[in-house]
Each structure stands twice: as C-alpha cells, then as structure tokens.
Amino acid sequence: MKKTLLALALVGASTSAFADAWLYGGVSAGRADYNNNSDTPMGFHVGTGILPIIGIEAGYWKHGNFDINDQNKGNGYAELGSWYAALKPSIDIGPVQLYAKGGLHYYNADYKNGLSNQSSDNGTDFMYGVGAEYFVTDMLSVGASWQRFNGVKTIANSKDLDSFTINATLHIF
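Everything numeric in this text was worked out from a predicted model, so none of it was measured.

### Observations concerning the packing of aromatic side chains
Counted according to the given criterion, the structure contains five aromatic pairs. Look at Phe44 and Tyr60: their rings are 6.4 Å apart centre to centre, the planes differ by 35°, and that puts the pair in the tilted class. One end of the pair, Phe44, is in strand β3 (residues 42-51); the other, Tyr60, is in strand β4 (residues 54-70), with 16 residues separating them in the sequence. Taking the relative accessible area as the measure of exposure, Tyr60 reaches 24% and is therefore partly exposed. A ring pair is formed by Tyr128 and Trp146, whose centres lie 5.8 Å apart and whose planes are at 65°; its orientation type is edge-to-face. One end of the pair, Tyr128, is in strand β7 (residues 121-135); the other, Trp146, is in strand β8 (residues 140-153), with 18 residues separating them in the sequence. One residue, Lys88, lies across the ring of Tyr99, its end atom 4.2 Å from the ring centre.

### Points about the pattern of salt bridges
Scanning the model with the defined rule gives four salt bridges in all. With its nearest N and O atoms 3.3 Å apart, the salt bridge here joins Asp33 to Arg31. With relative accessibility at 47%, the residue Arg31 sits in the partly exposed group. Between Asp162 and Arg148 there is a salt bridge, with its nearest N and O atoms 2.7 Å apart.

### Quick look at unusual backbone geometry
A positive phi angle, near 65°, is found at Asn36, a position not held by glycine. Within the fold, Asn36 resides in the loop between β1 (23-34) and β2 (37-39). Of note, Asn113 is a non-glycine position whose phi angle comes to about 60°, a positive value. By the element assignment, Asn113 lies in strand β6 (residues 96-113). The exposed category is assigned to Asn113, whose relative accessible area is 57%.

### Considering the environment of Leu87
Mapping Leu87 onto the fold places it in strand β5 (residues 74-93). The class for Leu87 is partly exposed, based on a relative accessible area of 44%. Taking the C-alpha atoms as reference points, Leu87 and Lys101, separated by 14 residues in sequence, lie 5.5 Å from one another. The contact partners of Leu87, leaving out residues within four places of it in the chain, are Gly55, Ile56, Ala100, Lys101 and Gly102.

Reading the values: the criteria
Residues numbered from 1 in each chain as written. Predicted model: local features only at pLDDT ≥ 70, side-chain atom pairs only at ≥ 80, totals over all residues. Heavy atoms only, no water. Phe/Tyr/Trp six-rings, centres within 6.5 Å; stacked < 30°, edge-to-face > 60°. Helix = DSSP H or I, 4+ residues; strand = E, 2+ residues; numbered from the N terminus. Buried < 20%, exposed > 50% of the residue type's maximum accessible area, 1.4 Å probe, protein only. Lys NZ or Arg CZ within 6 Å of the ring centre and 35° of its normal. Salt bridge = Lys/Arg side-chain N within 4 Å of Asp/Glu carboxyl O. Contact = heavy atoms within 4.5 Å.

Just distances and angles here, no functional claims.
Structure (structure tokens):
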C-alpha cells in the first residue's frame, strides 16, 4: 500500500510540472454553432493554478452573429457574447496537458438589423468543456478545445451554444 501511494505521488509530481503556473492567459478562435448556423468565435482567458491538478479560469467569448428569423418580430441577427468563470482540473502527460472545465457563464444577446428594436436578452447558466494543449516551450502552449454554453436565450429560442476552438496560452511564473 505504501509503495502504491509513493508511486502515485511520484507520477503526480512528475506529470504536473507544467500545470502549476501561478498565472496564465491566452486567446482562442474557432467555430461556434447556435440555432442551426455558425460563426467564428473569438475569446480570451486568464487563470491561475491553485493546486498542480486544478485551477480557476475566467474569460470572455464573442461567440459571433447568428441569424434569427421570427414571423412576429422580424428578421435579423443576434450578437452573442459570454463572460465565464470555471474550475479547470488538468493532468499533464509529458508536454501534453489534458483538461476539463466547468462553471458559470453570463451571456448577452444584442439584436441588429430588422431586430434592433428588440431589447437585449441576457442570463446566467452553466458552461463546460474539454481540451488538450501541447507545450511548445515551458511558457507557451497551443491546443484545441470544445465548450458548451448552456441555455443561451434569444427571442427565437433557448438553446445550447457549442464552440470548437484552437488556443494559444502563455504561462507565467
């Protein structure tokens, strides 16, 4: 039993060398899908590693513009964006970091074109995702991720928004 615990401790210490950055920040871009159409989301994130295997992350996503055609309210599009805060457990396998994240997001939908007379919609719901990053250097990682932002409500409906993105992150300290 002692040997097993010692082995697990050594593996955990050796695989978490990259994950314990006190501060990191980065940018992301990719493809977002909402209400049967897609756009290019862009975002930024900052975070800190509170333990070698878990961190706290926050950021902003401009999800993009999504068409809305409503017989009663008109045609146009909604500009969707979210602020989020999440816990981010991770594990490092050599230079690769695998992670998940889960937390809350506050979304906003601003209406444009034929819908500009509609008031904005906003709300709070859950968000979660998974991803992988490869450490190019000790301070720079690149990767890919998937996120789901639950319950994004517009005048047309309330649906989940999915995004597939690539990211670059700078790890400091």
